[in-house]
Amino acid sequence: MTQLTKADHKLFRGTAAEVHSWMSNKDILKSIGCDFDVNRIPHTLGGREFPEVQLWHRSDNQDLLGVFGSRRQCIQPETFIQYFRDFCDASQKEINLDLVGSLDGGKTFYMASKLTQNQNAELENVGDKTDSWLVVTDYYGESRAPKVMVLFNELVCTNGMTKQISQRFRAFSHLKEMKFDDVAPVLDSALTQSKVYSDVKDKLIHTPISMESAKEALRTFFNDPSGDSSKVKILEDIYQNKLIGGELETRNGTAWGLMSAATQHSSHSRAGNGERTLRSQLDGSRGYFNTRFMNFLESQFLSHAIA
């Protein structure tokens, strides 16, 4: 029986699948078309071998994933899945592996655990609810370490926004049995980020702003006093005419409505397919834009910024 909602499926684009407790690690990888090992092959040219340059290929179809130096080691996809399952087991049933997915033909993996059930009703406002997810990413196409973040999904509009967790996922760097002490800092940081987001959202909801104030804020943020840039015009139009959920008291004439216009633009309005949108929200320009804009609204409209 599925535990994922329609909003969950809209949020996680690209290759994504729900994880069930009965599934093996191979079952999970097969569900997203990524049941492969990563083969590291030295670069060769004209009969010469260059071991300092390693080509990473999928073992199933031989597609190239990335090109790296000889020092970079590989956490195999099946091991990556097991790490997160161990992490969930060590969490004392606080979280489960709920969803797994890949982007760019297996070059990026992500795993996600829904946190909302752990927060009682902290991320809820009347008619304007938020789901939060702990998401871990790993990269086979570029030289990046696994990252941990909290992804927020506004259910009225399926607008996504992330907050990075500074606590490094050290358990991913060592082949050792994880204890709850390894998991607790990451989980605590995730729940703290969720609480901070909830507090900021509540304050923005209860901060009424005029249309003139909203326009002035956008022009200040984009350093465009005359309001002639396309970005300012697009966001003004969304906020004034096209805001999803704009009829709700939480968004109508509030600073939260202006924040929602920004996340609506980054989630739905910009060009690009679903995969690129999700990846950019998780760890790219769209995610950074949303974070910067929320911080800006805090500084503009709230009496003090929340750390």
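Remember, it's a predicted structure, so these values are computed and weren't measured experimentally. (Residues numbered from 1 in each chain as written. Predicted model: local features only at pLDDT ≥ 70, side-chain atom pairs only at ≥ 80, totals over all residues. Heavy atoms only, no water.)

Caption draft 1: The overall build of the protein, seen in detail. Counting its regular elements, the protein contains nine helices and 10 strands. Considering the protein as a whole, with its 307 residues, one finds that 50% of them fall into the buried category. Long-range pairs, those at least 24 residues apart, make up 62% of the contacts in the protein with a sequence separation of at least 6. Split by element, the accessible area of the protein, about 14600 Å² in all, is 48% carbon and sulfur. (Helix = DSSP H or I, 4+ residues; strand = E, 2+ residues; numbered from the N terminus. Buried < 20%, exposed > 50% of the residue type's maximum accessible area, 1.4 Å probe, protein only. Contact = heavy atoms within 4.5 Å. Areas by Shrake-Rupley, 256 points an atom, 1.4 Å probe, with all protein chains shown as cover.)

Caption draft 2: Main features of the pattern of salt bridges. In total, this model carries 14 salt bridges according to the counting rule given. With a closest N to O distance of 2.3 Å, Arg279 and Asp104 form a salt bridge. Residue Arg279 is found in helix H8 (residues 274–283), and its partner Asp104 is found in the loop between strand S5 (99–103) and strand S6 (108–114); the two are separated by 175 residues along the sequence. Its salt-bridge partner being Arg279, residue Glu142 comes within 1.9 Å of it at the nearest N-O pair. With Glu142 in the loop between strand S8 (128–139) and strand S9 (147–154) and Arg279 in helix H8, this pair connects stretches of sequence that are 137 residues apart. Take Arg279: its relative accessible area is 22%, and that puts it in the partly exposed class. (Salt bridge = Lys/Arg side-chain N within 4 Å of Asp/Glu carboxyl O.)

Caption draft 3: Spotlight on helix H9 (residues 285–301). In this model, H9 (17 residues) spans 24 Å end to end at C-alpha, consistent with the 24 Å of a helix rising 1.5 Å per residue. Those residues of H9 that sit buried are Arg286, Gly287, Phe289, Asn290, Phe293, Met294, Phe296, Leu297 and Glu298. (Expected span 1.5 Å × (residues − 1).)

Caption draft 4: Inspection of the pairing of strand S3 (residues 48–58) at higher detail. When strand S2 (residues 38–45) meets S3, the two strands line up antiparallel, connected through eight bridges. Residue pairing for S3: Thr44 is matched across the bridge by Glu49. Where S2 folds back onto S3 in an antiparallel hairpin, the turn is made up of two residues, including Gly46, whose phi is positive at roughly 60°. With five bridges connecting them, S3 and strand S4 (residues 64–69) associate as antiparallel partners. Note that in S4 the partner of Val53 across the bridge is Gly69. (Pairing = 2+ DSSP bridges.)

Caption draft 5: Region of the structure containing the packing of helix H5 (residues 211–221) against H9. Close contact between H5 and H9 brings their axes to 11 Å; oriented N to C, the two are set at 125°. As summarised for this structure, H5 and H9 are arranged oblique, according to the angle between their axes. For the pair H5 and H9, the sense of crossing is right-handed. Only Phe289, Arg292, Phe293, Phe296 and Phe301 of H9 make contact with H5, whose side of the interface consists of Ser213, Ala217, Leu218, Thr220 and Phe221. Its residues assigned to classes, the contact of H5 with H9 comprises seven nonpolar, two polar and one charged. (Axes fitted to C-alpha atoms, helices over the stretch in contact; angles between N-to-C directions. Parallel < 35°, antiparallel > 145°, perpendicular 65-115°, else oblique. Left-handed = near helix turned anticlockwise from the far one by under 90°. Nonpolar A, V, L, I, M, F, W, Y, C, P; charged D, E, K, R; others polar.)

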